[in-house]
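Listed below are the residues making up each chain.
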Amino acid sequence: MGVDVWMCTGDHETTAFAVADEVGINRRNVCAGVKPEGKADLVTRLQKQYRENENDPSTTRSVRRKRLRLRREQKGGGVAVVGDGINDAVALARSDVGIAIGAGTEVAAEAADIVLVKSSLHDVVVALHLSRVVFNRIRLNFVWAMGYNLFALPFAAGAFFPWFDW
């Protein structure tokens, strides 16, 4: 899906690495033993890193074009946080998209943009896929409506009246 996945948890490092290995997260992208403030700091750091890489003035024009093309292919660029507890609320609120697990606390659900009913990581992937499909449909409808209006507006305004004498 073109998503860079990180895991930031308050659990012990051994537990975090075991879960990361099971779900396929790179060990370099695992932060264990992190307090709630550290989770929010990680979100801020990832957002800053993304924006700096995108707007780096020292890079050449061709490198920026390649990055832009790569970003279009990945269709992403924001930071999304999935959480379920009070300790995740600050990171959920600070992220570009906060996703709360349904079985979590009320505070996490209030801080999140999306609340999943089930407590399954698979539903996060489904939500991301669904959002991309819906956004692509909106883009297609916009292009279709723009083309239709560009074609039909001159007829509605009577621009061809002198030639066709309807």
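Above: the structure in question.
(A) Representation of the overall build of the protein within the structure. Of the regular secondary structure elements, the protein holds seven helices and five strands. Overall, the protein shows an N-to-C arrangement of helices and strands of β-α-β-α-α-β-α-β-α-β-α-α. Per-residue burial for the protein yields a buried fraction of 22% across its 166 residues. Sequence separation of 24 or more characterises 35% of the internal contacts of the protein that already satisfy a separation of 6 or more.

(B) Spotlight on the pattern of salt bridges. What the rule picks out here adds up to three salt bridges. Across the salt bridge formed by Arg94 and Asp41, the nearest N and O atoms sit 3.8 Å from each other. Residue Arg94 is found in helix H4 (residues 89–94), and its partner Asp41 is found in helix H2 (residues 36–54); the two are separated by 53 residues along the sequence. A relative accessible area of 38% means that Arg94 is categorised as partly exposed. For Asp41, a relative accessible area of 46% gives the class partly exposed.

(C) Representation of the nonpolar core. Judged by nonpolar contacts, Cys31, Val34, Leu42, Val43, Leu46, Val79, Val81, Ala91, Leu92, Ala100, Ala108 and Ala112 together constitute the single largest core of twelve residues. Only H2 and H4 provide two or more residues apiece to this core. Of all hydrophobic cores here, the second largest spans six residues; its members include Met7, Ala20, Ile25 and Val30.

(D) Representation of a nonpolar patch on the surface. Taken together, the side chains of Val19, Val23, Val82 and Leu121 present a nonpolar region at the surface, about 320 Å² in accessible area. Mapped onto the secondary structure, Val82 falls in strand S3 (residues 80–83). Look at Val82 and you get partly exposed, because its relative accessible area is 37%.

(E) Summary view of the sheet that holds strand S4 (residues 97–101). One open sheet holds the three strands; their spatial order is S3-S4-S5, and the pairing between them is parallel. This sheet does not close on itself; its edge strands, each paired only once, are S3 and strand S5 (114–116). Direction aside, the axes of adjacent strands within the sheet are offset by 20° on average. Relative to S5, S4 is paired through three bridges, and the arrangement is parallel. Its bridge partner lying in S5, Ala100 is registered against Val115.

Quick notes on the rules
- Residues numbered from 1 in each chain as written.
- Predicted model: local features only at pLDDT ≥ 70, side-chain atom pairs only at ≥ 80, totals over all residues.
- Heavy atoms only, no water.
- Helix = DSSP H or I, 4+ residues; strand = E, 2+ residues; numbered from the N terminus.
- Buried < 20%, exposed > 50% of the residue type's maximum accessible area, 1.4 Å probe, protein only.
- Contact = heavy atoms within 4.5 Å.
- Salt bridge = Lys/Arg side-chain N within 4 Å of Asp/Glu carboxyl O.
- Core = buried A, V, L, I, M, F, W, Y, C linked by side-chain atoms within 4.5 Å.
- Patch = residues over 30% accessible without salt bridge, like charges linked within 9 Å, V, L, I, M, F, W, Y side chains within 5 Å.
- Areas by Shrake-Rupley, 256 points an atom, 1.4 Å probe, with all protein chains shown as cover.
- Pairing = 2+ DSSP bridges.
- Axes fitted to C-alpha atoms, helices over the stretch in contact; angles between N-to-C directions.

Any link to function would need more than the numbers given here.
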